[in-house]
Amino acid sequence: MAAAAADANAAVPSGPVPFKDIDDGTVSAEHTTPSREDLGDLVAALPRKQEPITLLLQYQGCWLPKYWVPGVIEFQRRFNPRPDDVILASYPKCGTTWLIALAFAAAARRAYPPVANAGEHPLRRLHPHDVVPFLDEVFTRGEEARLDALPSPRLMSTHLPFTLLPEPVTGGRCRVVYICRDPKDMVVSLWHFLRRSCKPPTKPEDLSFAELFDAVCDGTSALGPVWDHVLSYWRAAVARPDRVLFLRYEDLLGDPGESVRRLAGFMGRPFSAAEEAGGVVAAVVELCSIGNMKALEVNKNKAGSVVVGNLAVPRDAFFRKGVAGDWANHMTPEMAARMDGIFHEKLLGTGFSFA
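Here the structure is a predicted model, which means the values were calculated and not measured.

(A) Highlighting the pattern of salt bridges. Counted by the stated rule, this structure contains 20 salt bridges. Between E275 and R109 there is a salt bridge; the shortest N-O distance is 2.8 Å. Residue E275 is found in helix α15 (residues 273-277), and its partner R109 is found in the loop between α4 (96-107) and α5 (122-125); the two are separated by 166 residues along the sequence. Accessibility classification places E275 together with R109 in one group, the buried group. Between R141 and E137 there is a salt bridge; the shortest N-O distance is 3.5 Å. Residue R141 is classed as partly exposed on the basis of its relative accessible area, which comes to 34%. What emerges from the salt-bridge pattern is a single network uniting E74, R77, R78 and E144.

So this is what it looks like as structure tokens:
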């Protein structure tokens, strides 16, 4: 019986836990010393493009903010995934924050019940981006020690395309969840987000929607080309559906409960019949709904900012409308037809479309 008890205790995972909660002040001091002595010439030789907010460099076919490039290279070189890791991936403003919240609430539901009267849930006291670490930033800042301190299973996020992830990840050593969104709604959401994120001397009114729209259409927006980003994960999901789960933002909106079931099952945490009967799925959906998240004090602008690279982003900028079809309020029919035509051409013959 003692052996059985020991086995049972060993089988109980201690994660996921909020990223912000694992640091008592000593771990964050353990910054790694990045091996970047060989990166200066490489970075200097990369194609570049100046955007209103930041300078972009083209690395391995993807346009990255300059300050991310050394960190991305370190991520590729140094990241050692654990078998039960789950990486949440997206192009910016495609449902990233919602996916992070849903994945954490579903995966950690036994330690942190999502129902309102079950005590203080991490998502009620922390911004979602304080709960799940953003790998692109972790390696840029040299904070791998904090990542290593997370108990398994770990939840992490990234905006990188699948082709830029480290080989152990693309080789299937851990699981990846990707969410995509109609690019017309994405560019509208991204424009609003960037206008909230800009700092002097750039002013919100200086950020032209037409300029951002053109960059997405030309394939030169940050983290773009967008079609390459989406297709990298689509192809990976088709080739290895056991390792890569491909979700659509519009499906999440249409039936969030079913999407959460798929997500939990893929992460190895399927809902039991008892949990289904007890309304746990509905509780996860309600906890992570945009209405609930926007109403929480920790997610309001007065609670401070979320630091993303060289930007301090207001906390409420991550929660705007959370709808489909808002592009119609910002684009002319001609603009919409142009973007639809470009993506139709780029995706032709791949088996994937946004329609």
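(B) Structural context of the sheet that holds strand β3 (residues 62-65). Spatially, β1-β2-β3 is the arrangement adopted by the three strands of the open sheet, whose pairing is antiparallel. Strands with a single pairing partner mark the edges of an open sheet, and in this sheet they are β1 (48-50) and β3. Strand-to-strand twist in this sheet, taken as the mean axis angle between neighbours without regard to direction, amounts to 30 degrees. One ladder, built from four bridges, connects strand β2 (residues 55-59) with β3; its direction is antiparallel. Bridge pairing links L56 to P65 in β3. In the packing of helix α3 (residues 69-78) onto the sheet, the strands contacted are β2 and β3, and the crossing angle to β2 comes to about 35 degrees.

(C) Structural detail: the side chain of N299. Summarising the element assignment, N299 is placed in the loop between α17 (290-295) and β8 (305-308). Residue N299 is classed as buried on the basis of its relative accessible area, which comes to 1%. When sequence neighbours within four positions are dropped, the list of residues in contact with N299 reads L126, H127, P128, M293, R315, D316 and F319.

Rules used throughout
- What you see as residue numbers is a count from 1 along each chain, following the sequence as written.
- The predicted origin of the model limits local features to residues at a pLDDT of at least 70 and limits the giving and counting of side-chain atom pairs to 80 or more, whereas totals for whole chains, interfaces and linings rest on all residues.
- Computation of side-chain values: all heavy atoms of the structure, hydrogens and water removed.
- The rule for a salt bridge is simple: a side-chain nitrogen of Lys or Arg has to be within 4 Å of a carboxyl oxygen of Asp or Glu.
- Only DSSP runs of H or I with at least four residues qualify as helices, and only runs of E with at least two residues qualify as strands; both kinds are numbered from the N terminus onward.
- Burial classes follow relative accessibility: with a 1.4 Å probe on protein chains only, a residue under 20% of its type's maximum area counts as buried, one over 50% as exposed, and anything between as partly exposed.
- One requirement defines pairing of two strands: DSSP has to find at least two bridges between them.
- All axes are obtained by fitting lines to C-alpha atoms, using only the stretch in contact for helices, and the reported angles, taken between N-to-C directions, cover 0 to 180 degrees.
- Between two residues, a contact is recorded if the distance between any of their heavy atoms is within 4.5 Å.

By themselves, these are just geometric observations and shouldn't be taken as functional.
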